[in-house]
Amino acid sequence: MSVNNRHVLSVLVENQAGVLSRVSGLFSRRGYNIDSLSVGVTEDPAISRMTIVVKGDRYILEQIKKQLNKLIDVIKVIDLDKDKSVFRELMLIKVNARENSRASIIEIVDIFRASVVDVSNETLTVEMTGDEDKIEAFISLMKPYGIREIVRTGLTALERGSKEIKSYKKYGEED
Amino acid sequence: MLKAAEAIVRFLVEEGVDTVFGYPGGYIVHVYEALRKSDIRHILVRQESAAAHSANGYARVSGKTGVCIATSGPGATNLITGIATAYMDSIPLVVLTGQVPSSMIGRDVFQEADITGATESFTKHNYLVKDASQLPRIFREAFHIASTGRPGPVLIDLPHDIQAEDIPCNYPETVQITGYKPTVKGHAGQIKRALKAIAESERPLILAGGGVNLSRAHAELLTFSEKSGIPVVHTLMGKGAFPSNHAHYVGMIGTHGFSYANEAVRMADLMVFIGARIADRTAGGTQILPENMSIVHIDVDPAEIGKIVGTQVPLVGDLGQILKKMNEKIKRKDTSAWLETLGTMKTEETYKTGSLVNPKKAIRVLSGKLNDTAIMVADVGQNQFWTARHFDDLPGRKFMTSGGMGTMGYGIPAAVGAKIAAPERQVVAVTGDGGFQMSIFELGTIAANNIDLKMVLFNNSHLGMVREIQKRVFGQTGHIALEKNPNFVMLASAYGIKGVRVTSDDELEAAFDQALGHKGPFLVECVVDPDESTL
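Note that the structure is predicted; figures quoted are calculated from it, not measured. (Residues numbered from 1 in each chain as written. Chains lettered and ligands numbered in written order. Predicted model: local features only at pLDDT ≥ 70, side-chain atom pairs only at ≥ 80, totals over all residues. Heavy atoms only, no water.)

Let us look at unusual backbone geometry. A positive phi is found at A:Arg113, a non-glycine position, where the angle reads about 50 degrees. Structurally, A:Arg113 is set in the loop between α3 (99-111) and β6 (115-119). Judged by its relative accessible area of 76%, A:Arg113 falls in the exposed class. Despite not being glycine, B:Ser461 shows a phi value in the positive range, around 55 degrees. Position of B:Ser461 among the secondary structure elements: in the loop between β18 (454-459) and α20 (464-474). What makes B:Ser461 partly exposed here is its relative accessible area of 29%. (Helix = DSSP H or I, 4+ residues; strand = E, 2+ residues; numbered from the N terminus. Buried < 20%, exposed > 50% of the residue type's maximum accessible area, 1.4 Å probe, protein only.)

Encoded structure:
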């Protein structure tokens, strides 16, 4: 049995109502776990691209890819190689920041190349992007100040280099 | 420009549809009005689930896509079991449902149901039409998707206002769906590997599944087995894929199959799965498949390969095309010893006579009387396996049942669809008293259309298979009895349908002769001992 590895799937879909429901429904009814899912329109307004982070062994991943490919609205599914891809996530985080702690928080914000987007008497709201490790590290540094709220977009990703998702063969065409 | 409802009927005609099964309602009236003015035959069922089952039976016999229609809300939700039944058995259907007017969707108005949401997981695809001008594309796509690749049901939900809009009526010649291009041709390299694996095997065995029946690859399979010398077992859905009177024929495997056929699988060193998805009822949770067996798996749906069992050689594509290519290259293996071993394992059925009707013998007697092109439709439960095990599926005949979903009440309406698709063929529906009563209302459809259908009802006043499980697992306690069953022959007679009640094996011959000799629908009720076993 292989281990439950995390995989990042990049999925091209028709930009149509119901697609998100079909994809998320497929995961829940077949018992696959989604860590995160982000979706948005692509360079072609008729096509959207989803980035889905899943956990599973080789069998599960194979099944997920095959079942996704069975959906008529799914155009292409690729499993992104961690070493050959760029992963980013955006987070907004609201932390307690009274006068005595504000400066030290801003210092950390600067180190992480994040930015303060809102200030109040009691709080600071910080926007940051990065891969998961960076975001987790920032969250742990903010914990002592008291985190009020966190919102994250989920991972989004693109392969490095000039290769495009469209150049991959459709599943079933390979081998 | 044409009213959308009329355009829809034209699209149906373009697709070669001459019969639809349905039940009207408030939000599908525009389509019904257009249908009334057309040459398409509309069969009015008595409940919507039967419309889907009849379209299913029609599709399986005609080889065309079955079409059924219902209104919004309860009409649509009544179709659900029929849609799921078709999905599990990969039957091509186009399902049309009425929907509340576009502006009212999402407001919980009268007879509103989210049918595209509800059927998402058991339609191959579905559409909620929001723009009437898209109807030509949607209909073209729906029929294409339903009937190609691995077939399945496609639903089109038609809001009431959309049906009444005027649209340009240009039916597209071709379809262009970016995300849907089923693999048809088998991969040449994989075919070579499959042939090599077969050549290296000593005791190869073909498992034919429902895919052979769906893709009508009977001739190619026969040639494949004859040229290679490989014997054949089959699944429940694969009954009829290979002639049962052939020297290479072994039998049906599975939890309700023949033990010698299951034993053959255990003895084989290579299996060639052809259009079989290795369902739990087939492989008994893969228990009957030996650990180190080689497997060649041919299927049009790549997701079925490797889903249940690991595969050495996956081969994706249309069965007929792949087998044809393999037949060009396959070399004859010397399987005489293997065939001989399998031959000696086969046991002849013996039929005991008790005080009531022996259902297994009844099917055997009936099978002997039916002609060479007869269609046998089995419902679900004990009657399904009595029929599957004792009906002789000679070449030219057809056997069908709800295999994947196991939907009680499928038999009668599916047989109606079968008879309408092939009026010249004998059609028999076998049911139990449970399943019969789940579709008893269809006696109305049968009578109204004078469907020349023979119904064999095994009445043991129990849900026999449930009772069997309860007895085995929990002892004698608490089984479900169907108390106060009606007088079925009288009930049929109330619809003007003739019938006869049989209580012993001695009366079977005469009863079946009478049924088959009668022009028009006929019911043969056989009274069966509730302790009669499935196997």
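Still more ground to cover, so stick around.
So, about the packing of aromatic side chains. Residue and element names in this part refer to chain B. Inspection of the entire model under this criterion finds eight aromatic pairs over all chains. On the numbers, 5.5 Å between centres and 90 degrees between planes, the contact of tryptophan 386 with phenylalanine 458 is edge-to-face. Remark: phenylalanine 458 occurs in strand β18 and tryptophan 386 occurs in helix α16 (residues 382-390); sequence separation between them is 72 residues. Summarising the aromatic geometry, the rings of phenylalanine 436 and phenylalanine 488 are spaced 5.6 Å apart at their centres and angled 80 degrees between planes, so their arrangement reads as edge-to-face. Of the two residues, phenylalanine 436 sits in helix α18 (residues 433-438) while phenylalanine 488 sits in helix α21 (residues 488-494), which places them 52 residues apart along the sequence. (Phe/Tyr/Trp six-rings, centres within 6.5 Å; stacked < 30°, edge-to-face > 60°.)

Residue and element names in this part refer to chain A. Under the counting rule described, the total for this entry stands at 33 salt bridges over all chains. Among the salt bridges present, the one from arginine 98 reaches glutamate 122, with a minimum N-O distance of 3.8 Å. With arginine 98 in the loop between β5 (85-96) and α3 and glutamate 122 in the loop between β6 and β7 (123-130), this residue pair connects regions lying 24 residues apart in the sequence. Overall, the relative accessible area of 49% leaves arginine 98 in the partly exposed class. Assessed through its relative accessible area of 35%, glutamate 122 is described here as partly exposed. (Salt bridge = Lys/Arg side-chain N within 4 Å of Asp/Glu carboxyl O.)

On the surface, B:Asp131, B:Asp161, B:Glu165 and B:Asp166 cluster together into a patch of negative charge. Residue B:Glu165 is classed as partly exposed on the basis of its relative accessible area, which comes to 36%. (Patch = residues over 30% accessible without salt bridge, like charges linked within 9 Å, V, L, I, M, F, W, Y side chains within 5 Å. Areas by Shrake-Rupley, 256 points an atom, 1.4 Å probe, with all protein chains shown as cover. Lys, Arg positive; Asp, Glu negative; His and termini not counted. Charge placed at Lys NZ, Arg CZ, Asp CG, Glu CD.)

Here we come to the domain arrangement of chain B. Quite often, the size of an interface is put as the accessible area lost when its parts meet. Residue and element names in this part refer to chain B. If you check the domain split of chain B, you get domain 1 (2-167), domain 2 (188-345) and domain 3 (359-527). The C-alpha centroid of domain 3 is placed 31 Å from the C-alpha centroid of domain 2. On the domain 3 side, the residues contacting the 15 residues of domain 2 number 15 residues. Note that lysine 239 and aspartate 393 form a salt bridge whose closest N and O atoms lie 3.5 Å from each other. Viewed at the interface, domain 3 and domain 2 are joined by seven residue pairs in polar contact (both at pLDDT 80 or more). (Domains from an automatic or database assignment. Contact = heavy atoms within 4.5 Å. Polar contact = N/O pair within 3.5 Å; in protein donor to acceptor, adjacent residues only side chain to side chain.)

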